[in-house]
Amino acid sequence: MGGNGMKQIPFGALCAGLVALGTVFGFLAVQLRTSGYEPYVRDVAFISVMTYFTAAMTAVTWARARRSH
């Protein structure tokens, strides 16, 4: 389809998927806490936060990519 053959990165879908994944890990952390698996709560909560952070960085990259075009 012309151009240099590079596909457009689906930043929106990637960002939405990461937010959904972060939410799933957040709910899992809450479930682990209520089920008494306290040793795992901190790790799962950390994964949730890092997934949200990655989603935020993806959104920043997306915004910069849109600005440069």
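These figures come from a predicted structure and were not determined experimentally.

Basis of the calculations
- Residues numbered from 1 in each chain as written.
- Predicted model: local features only at pLDDT ≥ 70, side-chain atom pairs only at ≥ 80, totals over all residues.
- Heavy atoms only, no water.
- Helix = DSSP H or I, 4+ residues; strand = E, 2+ residues; numbered from the N terminus.
- Expected span 1.5 Å × (residues − 1).
- Buried < 20%, exposed > 50% of the residue type's maximum accessible area, 1.4 Å probe, protein only.
- Contact = heavy atoms within 4.5 Å.
- pLDDT = per-residue confidence, 0-100.
- Phe/Tyr/Trp six-rings, centres within 6.5 Å; stacked < 30°, edge-to-face > 60°.

A. Local environment of helix 1 (residues 11-35). Between its first and last C-alpha, helix 1 extends 36 Å over 25 residues, near the 36 Å set by a 1.5 Å rise per residue. By the burial criterion, the buried members of helix 1 are Phe11, Cys15, Leu18, Gly22, Ala29 and Leu32. Contacts made by the buried residues of helix 1 are with helix 2 (38-68). Looking one or two places after helix 1, you find glycine 36, whose phi comes out positive at around 90 degrees.

B. Fine view of the environment of alanine 29. Note on placement: alanine 29 falls in helix 1. Along the sequence, alanine 29 and arginine 42 sit 13 residues apart, while their C-alpha atoms lie 7.7 Å from each other. When sequence neighbours within four positions are dropped, the list of residues in contact with alanine 29 reads Val41, Val44 and Ala45.

C. Looking closely at the confidence of the model for the protein. Confidence in the prediction of the protein, expressed as mean pLDDT, is 87, and 87% of residues score 70 or more. Low pLDDT, under 50, characterises residues 1-6; the stretch is placed with zero contacts to residues that sit more than four places away or in other chains.

D. The packing of aromatic side chains, seen in detail. Evaluated as defined, the whole model comprises one aromatic pair. Pairing tyrosine 37 with tyrosine 40 gives two aromatic rings, centres 6.4 Å apart and planes at 50 degrees, and the pair type is tilted.

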